[in-house]
Amino acid sequence: MNDYSPSLPDGLASQLRSRQPLLWLNPSYGTALPPSAAGYEGILAAADRFARGRRLLCALFPQMSACGGTIESELLPAAALQRALGADPTRDGVWFLKADHQLPIAGSIKARGGFHEVLAHAEALAIQHGLALPGGDLIELAKPQARALYSRHTIAVGSTGNLGLSIGIMAAALGFAAVVHMSVDAKDWKKSILRERGARVVEHGGDYAAAVAAGRAESDADPLSYFVDDESSTLLFYGYAAAAQRLVEQLHEHKRPPSADHPVFVYLPCGVGGAPGGITLGLKRLLGEHVHCFFAEPVASPCMLVQLASGESSPMSVYDAGLDNKTDADGLAVPLASPLVSPIMHSLLSGVFTVSDDALYVNLNGVWKAEGIEIEPSAAAGIAGPGWLLESEAGRSYLTKHGLLDRRANITHVIWSTGGGLLPASDHARFRAMATQQG
Ligand SMILES: *Cc1c(COP(=O)(O)O)cnc(C)c1O
């Protein structure tokens, strides 16, 4: 028996319960060396798999020929947004949006992890049945023999949102029986897209956790069914981590090469932690101490903050911290951080800031007005990041500690815009209206 229950430092616990947004600095940041090269093999394998999958993706989705079958997004200068939020480029550095809401086919960051896991599973099955060779071009997976094989197999996932879309769309495109378990309150447009693509949508009463549990049980009972597990999947994680390489190239293309004198700050919305955690690991591998990664979480669902701040000796959820996990940012409404990812973030993550739902709508509207870009509420979470670093006491103490306060004009700020590409225009209009109600 272990009657130890995890807890937070007193001041932090009451601050979180007040639901006032805050910036938490990770006291363990930089205390351990980054993972050894062995920990990086999965990232290189994922990058290699995406490269070998380009012809396949063009074959499955003709609209992808334009981008040569790459799952990549632009790094967009965000000077107008920066000015609209009152930040001055000569004093506060240069802002960019990493436009994952533009990612092809799935319209969100889940294209990176989700497509990677489906491709990896499909490749493994093909190799096992003598239909492909390890390390070969994945175009083999589009051949009739492979499709016949996949038609006997199922790929299942439990997700109310973007993960379900990315897994369901890619699995169905390859010819798998694709099953997406959702809670009844999931958005109708998401269910429609999945059904149009040939996926089966199973609706469950109860919440998201119940949908995942029921989906997993159904999948586990079928030996030909594979279940994508958002909480502990290394294939998802490495698919996200592969994003780092292209971002570093883009920073060079924009004449912002990262260095001690010109560091990069990256702001990543966090749900269970797989997407932002994978990207953080990938960036740390390439840029080391020249990159500083911060997660953004809703005030009601700061699961990574709670897990890291509790000391990590056992799982601690936002419910344990006295919070209710109620937020409109559906991609981020997660009570417990991934047990795979949180230990990896222990010494790599600089900190976490929290965001109110009201601020999400205001920032979604701000991006629309300044840049003409439609993003979803979860994707707006990172926008407050530069403000926290440059304007708050905690942010300034972080900059001082790292010798950056007098070099703040040199900082490149990258706000990761994680989704919204498939969002119906009417939903976006409703979200903008929520912003104006905030005044
Ligand atoms: C899933 C998601 C995230 C967070 O990713 P996790 O792996 O759950 O941490 C952020 N934004 C959007 C739009 C998402 O769909």
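An account of the nonpolar core is requested, with residue identities and associated values reported.
If you look at the biggest cluster of nonpolar residues, it comprises 137 residues, and the most contacted ones within it are Tyr 150, Leu 174 and Leu 283. Tallying contributions element by element places helix 8 (residues 162-174) first for this core, with nine residues. A domain split of this core shows at least three residues from each of domain 1 (12-106 + 237-437) and domain 2 (110-236). Setting aside anything within four residues of it in sequence, one finds Leu 174 in contact with Leu 56, Leu 60, Val 118, Leu 119, Ala 122, Leu 141, Arg 147 and Tyr 150. The next biggest cluster of nonpolar side chains, apart from the first, holds five residues, and it includes Ala 156, Val 202, Val 212 and Phe 227.

Kindly report on the sheet that holds strand 5 (residues 177-183), identifying the contributing residues and their values.
Spatial ordering of the open sheet is given by 6-5-4-7, a layout of four strands whose pairing is parallel. At either end of the open sheet lies a strand with only one pairing partner, and these are strand 6 (200-204) and strand 7 (225-228). Neighbour-to-neighbour, the strand axes of the sheet open up by a mean angle of 20°, direction not taken into account. Alignment of strand 4 (residues 154-158) against strand 5, held across five bridges, turns out to be parallel. By the bridge assignment for strand 5, Ala 156 is matched with Val 179.

Quick one: what's the story with the sheet that holds strand 2 (residues 75-77), residue by residue and with numbers?
Across the sheet, which stays open at both edges, the seven strands sit in the order 1-10-9-8-11-3-2 with mixed pairing between neighbours. The open sheet has two edge strands with one neighbour each: strand 1 (23-25) and strand 2. When the angles between neighbouring strand axes are averaged without regard to direction, this sheet yields 25°. Bridging between strand 3 (residues 94-99) and strand 11 (residues 412-417) involves six bridges; their strand directions are parallel. Counterpart to Ala 99 in the pairing with strand 11 is Ser 417. Packing against the sheet, helix 12 (residues 243-253) makes contact with strand 2, strand 3, strand 8 (264-269) and strand 11, and its axis sits at approximately 135° to strand 11. Of the strands in this sheet, strand 1, strand 8 and strand 9 (291-298) are in contact with helix 18 (residues 393-401), which crosses strand 1 at around 30°.

Go over the domain arrangement of the protein chain, please, and point to the residues and values.
When the parts come together, some accessible area is lost, and that loss is often what is quoted as the size of the interface. Per the domain assignment, the segments making up the protein chain are domain 1 (12-106 + 237-437) and domain 2 (110-236). A C-alpha centroid distance of 25 Å is found between domain 1 and domain 2. Between domain 1 and domain 2, the residue contacts involve 36 residues of the former and 36 residues of the latter. Buried area between domain 1 and domain 2, summed over both chains or domains, comes out near 3200 Å², and the portion from carbon and sulfur atoms is 64%. Broken down residue by residue, the surface that domain 1 buries against domain 2 is led by Arg 49, Arg 52 and Tyr 240, which jointly contribute 21%. For the pair domain 1 and domain 2, the interface holds six salt bridges. Arg 112 serves as the salt-bridge partner of Asp 100, at 2.7 Å between the closest nitrogen and oxygen. Summed over the shared surface of domain 1 and domain 2, the result is 19 residue pairs in polar contact (both at pLDDT 80 or more). Mapped by element, the contributors of at least two residues to the side of domain 1 that touches domain 2 are helix 2 (41-52), helix 3 (54-60) and helix 11 (234-241). When residues of the side of domain 1 that touches domain 2 are assigned to their parent elements, the largest contribution, five residues, is made by helix 3. Here the side of domain 1 that touches domain 2 is built from residues that sort into 23 nonpolar, four polar and nine charged.

Cut-off values and rules
Each chain has its residues counted from 1, following the order in which its sequence is written. Totals for whole chains, interfaces and linings use every residue, but because this is a predicted model, local features are given only for residues with pLDDT of at least 70 and side-chain atom pairs only at 80 or more, for both listing and counting. To get the side-chain values, take all heavy atoms of the structure and skip hydrogens and water. To qualify as a nonpolar core, a set must consist of buried Ala, Val, Leu, Ile, Met, Phe, Trp, Tyr and Cys residues joined through side-chain atoms within 4.5 Å. Throughout, exposure labels follow a simple rule: accessible area from a 1.4 Å probe, protein chains only, divided by the maximum for the residue type, with under 20% read as buried, over 50% as exposed, and the rest as partly exposed. Only DSSP runs of H or I covering at least 4 residues are called helices, and only runs of E covering at least 2 are called strands; the numbering of each starts at the N terminus. Residue ranges for the domains originate in an automatic or database domain assignment. By the convention used here, residues are in contact when the closest approach between their heavy atoms is within 4.5 Å. Being paired, for any two strands, means DSSP has found at least two bridges between them. Convention adopted: a line fitted to C-alpha atoms gives each axis, helices being fitted over their contacting stretch, and angles between N-to-C directions are expressed from 0 to 180 degrees. By buried area we mean the combined loss of accessible area, with a 1.4 Å probe, across both parts when two parts are placed together. For salt bridges, the criterion is a side-chain nitrogen of Lys or Arg within 4 Å of an Asp or Glu carboxyl oxygen. For this analysis, a polar contact is any N or O atom pair within 3.5 Å, provided that within protein one partner can donate a hydrogen and the other can accept it, and provided that sequence-adjacent residues contribute only side-chain to side-chain pairs. Note on residue classes: Ala, Val, Leu, Ile, Met, Phe, Trp, Tyr, Cys and Pro are nonpolar, Asp, Glu, Lys and Arg are charged, and everything else, Gly too, is polar.

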